[in-house]
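The chain contents come next:
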Number of protein chains: 2
Amino acid sequence: MKTSFTPNLYVALIHYPVVNKEGDIIAAAVTNLDLHDISRASKTYGVKRFYVVTPLKDQKALVCRIRHHWVQGAGARYNPNRREAMELVAVADSLKEVVDEIGRNNGRHPKTVVTSARSGTRKLGFITLREMIATGTPCVLIFGTAWGLSESVLSAADYTLEPIRGYCGYNHLSVRSAAAIVLDRLLGSNQ
Amino acid sequence: MKTSFTPNLYVALIHYPVVNKEGDIIAAAVTNLDLHDISRASKTYGVKRFYVVTPLKDQKALVCRIRHHWVQGAGARYNPNRREAMELVAVADSLKEVVDEIGRNNGRHPKTVVTSARSGTRKLGFITLREMIATGTPCVLIFGTAWGLSESVLSAADYTLEPIRGYCGYNHLSVRSAAAIVLDRLLGSNQ
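This structure is a prediction, so every number in the text was calculated from the model and none was measured.

Caption draft 1: The pairing of strand E1 (residues 9-14) of chain B, seen in detail. Residues and elements named next belong to chain B. Burial runs high along E1: six of the six residues are buried. Burial along E1 is two-sided: the face carrying Leu 9, Val 11 and Leu 13 and the face carrying Tyr 10, Ala 12 and Ile 14 are both buried. Pairing geometry for E1 and strand E8 (residues 139-144), over six bridges, is parallel. Bridge assignment links Leu 9 to a residue of E8, and that residue is Cys 139. Looking at chain direction, E1 and strand E4 (residues 49-53) are connected through five bridges and run parallel. Bridge pairing links Leu 13 to Val 52 in E4.

Caption draft 2: Spatial organisation of the pairing of strand E4 (residues 49-53) of chain A. Residues and elements named next belong to chain A. Of all the five residues making up E4, four are buried; the element is thus mostly covered by neighbouring parts of the structure. Judged from the four bridges that link them, E4 and strand E5 (residues 89-92) form a sheet pairing that is parallel. Among the inter-strand pairings, Phe 50 is bridged to a residue of E5, identified as Val 89.

Caption draft 3: Fine view of unusual backbone geometry. Residues and elements named next belong to chain A. Following Tyr 16, the chain continues to Pro 17 via a peptide bond in cis, the omega torsion being -5°. Counting through the fold element by element, Pro 17 comes out in the loop between strand E1 (9-14) and strand E2 (18-19). Unlike most non-glycine residues, Ala 146 shows phi in positive territory, near 55°. Examined against the element boundaries, Ala 146 turns out to sit in the loop between strand E8 (139-144) and helix H7 (151-156).

Caption draft 4: Fine view of the relation of the copies chain A and chain B. Note on the copies: chain A fits chain B at an RMSD of 0.0 Å, the axial shift is 0.0 Å, and the rotation between them is 180°. Seen this way, the second copy is the image of the first under a two-fold rotation axis. By residue overlap, the copies meet face to face through one surface: 100% of the interface positions of chain A are interface positions in chain B.

Caption draft 5: Fine view of the packing of aromatic side chains. In this structure the tally under the stated criterion is zero aromatic pairs over all chains. Here the guanidinium or amino end of Lys21(B) rests over the ring plane of Tyr78(A), the centre of that ring lying 4.3 Å away. In this structure, Arg82(B) packs its charged tip against the face of Trp70(B), placed 5.5 Å from the ring centre.

Caption draft 6: Fine view of the pattern of salt bridges. Inspection of the entire model under this criterion finds 14 salt bridges over all chains. Glu87(A) is the salt-bridge partner of Arg83(A), the closest N and O atoms lying 3.0 Å from each other. The exposure class assigned to Arg83(A) is partly exposed, which follows from its relative accessible area of 27%. Overall, Glu87(A) belongs to the partly exposed group, its relative accessible area being 35%. Among the charged side chains, a network of salt bridges with common partners joins Asp34(A), Arg176(A) and Asp37(B).

Caption draft 7: Region of the structure containing the sheet that holds E5(A). Residues and elements named next belong to chain A. The parallel open sheet is built from seven strands, whose spatial order is E5-E4-E1-E8-E6-E9-E7. The two strands at the open ends of the sheet, each matched to only one other strand, are E5 and strand E7 (123-124). In terms of strand pairing, E7 meets strand E9 (residues 159-161) through two bridges, oriented parallel. Directly across from Lys 123, in E9, lies its bridge partner Thr 160. With respect to the sheet, helix H1 (residues 32-44) is in contact with E1, E4 and E5, its orientation differing from that of E4 by roughly 155°. Its contacts with the sheet place helix H2 (residues 57-71) against E4 and E5, and it is angled at close to 165° to E5.

Caption draft 8: Quick peek at the interface of chain A and chain B. Contact with chain A, which involves 46 residues of that partner, is made by 46 residues of chain B. Across the chain A to chain B interface the summed buried area is about 4200 Å²; carbon plus sulfur atoms make up 50%. Of all residues in chain A, Tyr167(A), Tyr170(A) and Asn190(A) give up the largest surface area on contact with chain B, accounting jointly for 22% of the area buried on that side. Counting across the interface, chain A meets chain B through four salt bridges. For Asp37(A), the salt bridge is made with Arg176(B), and the minimal N-O distance between the two is 2.6 Å. There are 22 residue pairs in polar contact (both at pLDDT 80 or more) connecting chain A and chain B. Elements supplying a minimum of two residues to the side of chain A that touches chain B: H1, helix H3 (74-78), helix H4 (80-86) and helix H8 (175-187) of chain A. It is H8(A) that provides the largest number of residues to the side of chain A that touches chain B, a total of seven residues.

Caption draft 9: Main features of the nonpolar core. The biggest cluster of nonpolar side chains holds 82 residues, and the ones touching the most others in it are Leu129(A), Leu141(A), Leu129(B) and Leu141(B). Sequence-distant contacts of Leu141(A), that is, excluding residues within four places in its chain, are made with Leu9(A), Tyr10(A), Val11(A), Ala12(A), Val113(A), Thr115(A), Leu129(A), Leu161(A), Val182(A), Leu183(A) and Leu186(A). Judged by nonpolar contacts, the second largest core, of 20 residues, contains Tyr10(B), Val18(B), Tyr51(B) and Ile142(B).

Caption draft 10: Representation of the environment of Val63(B). Residue and element names in this part refer to chain B. The residue Val 63 is located in helix H2 (residues 57-71) in this model. Distance from Val 63 to Val 53, taken between C-alpha atoms, is 10.0 Å for residues 10 residues apart in sequence. Every residue in contact with Val 63, bar those within four places of it in the chain, is listed here: Val 30, Leu 35, Val 52, Val 89 and Val 91.

Cut-offs used in this document
Residues numbered from 1 in each chain as written. Chains lettered and ligands numbered in written order. Predicted model: local features only at pLDDT ≥ 70, side-chain atom pairs only at ≥ 80, totals over all residues. Heavy atoms only, no water. Buried < 20%, exposed > 50% of the residue type's maximum accessible area, 1.4 Å probe, protein only. Helix = DSSP H or I, 4+ residues; strand = E, 2+ residues; numbered from the N terminus. Pairing = 2+ DSSP bridges. Least-squares fit on C-alpha atoms with pLDDT ≥ 70 in both. Contact = heavy atoms within 4.5 Å. Phe/Tyr/Trp six-rings, centres within 6.5 Å; stacked < 30°, edge-to-face > 60°. Lys NZ or Arg CZ within 6 Å of the ring centre and 35° of its normal. Salt bridge = Lys/Arg side-chain N within 4 Å of Asp/Glu carboxyl O. Axes fitted to C-alpha atoms, helices over the stretch in contact; angles between N-to-C directions. Buried area = accessible area lost by both parts, 1.4 Å probe. Polar contact = N/O pair within 3.5 Å; in protein donor to acceptor, adjacent residues only side chain to side chain. Core = buried A, V, L, I, M, F, W, Y, C linked by side-chain atoms within 4.5 Å.

Right, dumping it as structure tokens:
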């Protein structure tokens with residue numbers, strides 16, 4: 001699989017609309033280590049772009065500032081590997097903006113695949129999505145921050161990826177861990 | 001695999017001796033999100049204990065304070081799921097202390113398995129280790145912080161787990177992502 005194709009895969013990390021512990025719709029704050037960990041995992045698995053989605057001006061400015069430090073600032077000289085990963089980071093106001101941009105770049109809209117610890121409708125198994133990616137279909141994997149994606153995002157997606165099942169029924173991975181595991185299951189070359 | 005046995009698996013996150021960018025041996029600082037992410041992944045995959053290894057008094061105190069907040073303090077009431085994960089955290093001065101404690105609790109010493117982005121000697125594939133765990137052999141998975149485990153830790157281990165290969169040759173996952181992926185490869189039940 002490794003050398004046969006270039007995956008046409010994108011990752012979007014949604015900060016709005018997501019839910020809090022009570023189920024209210026909120027805009028979550030950006031977490032610095034999400035940018036580092038998910039950009040590094042994205043680079044490792046050949047993701048084309050990692051979109052950080054938030055409509056909040058100050059949060060968008062924060063993402064741009066972190067990206068700038070590692071791509072053009074002192075961080076790029078200190079750690080060129082980190083630069084390569086952080087170059088994948090892009091900021092977007094909304095998931096619609098992400099989908100439209102990917103659509104423009106590919107000549108067709110991507111399939112939207114939401115991830116959730118809960119089961120959803122239009123479920124997709126890891127192997128099926130792996131095969132779909134192998135056909136070259138543009139896909140965007142959508143992860144939620146806080147307590148997860150809002151119902152509006154979940155129900156509007158083309159597919160819901162089956163939840164990661166561990167060993168014990170405990171089902172509370174961080175979004176950083178979940179993104180790493182999902183990418184490894186879809187594109188790891190020595191599983 | 002899910003219901004047939006209880007894995008006898010431990011995780012150790014080493015803060016000393018590890019190397020910095022120049023290859024010097026250092027004691028790395030504890031990162032709060034390492035405790036959260038790796039304890040949550042450990043709980044998800046049935047790990048028995050997650051050892052945070054540092055000989056530094058103030059760093060050990062920090063780990064104990066974070067653990068206490070989530071296991072007995074306000075954090076436990078705010079988020080009981082986080083409590084379940086953080087309960088797995090233990091502090092140790094050295095890897096020797098970890099191995100001795102696991103040995104006492106099991107009546108035999110665990111196999112020590114180091115993880116490294118570089119290849120090592122006495123290499124073990126993921127499938128072989130998965131099988132070894134299934135036999136009930138106690139094993140401790142050893143992860144390094146900073147720029148990785150020191151040569152002394154690498155060479156003293158029983159085995160070196162094969163590096164995670166992604167898609168592109170880029171090989172710079174965070175330790176949080178690497179731990180999540182390794183546990184999923186060893187104990188994930190719907191890969």
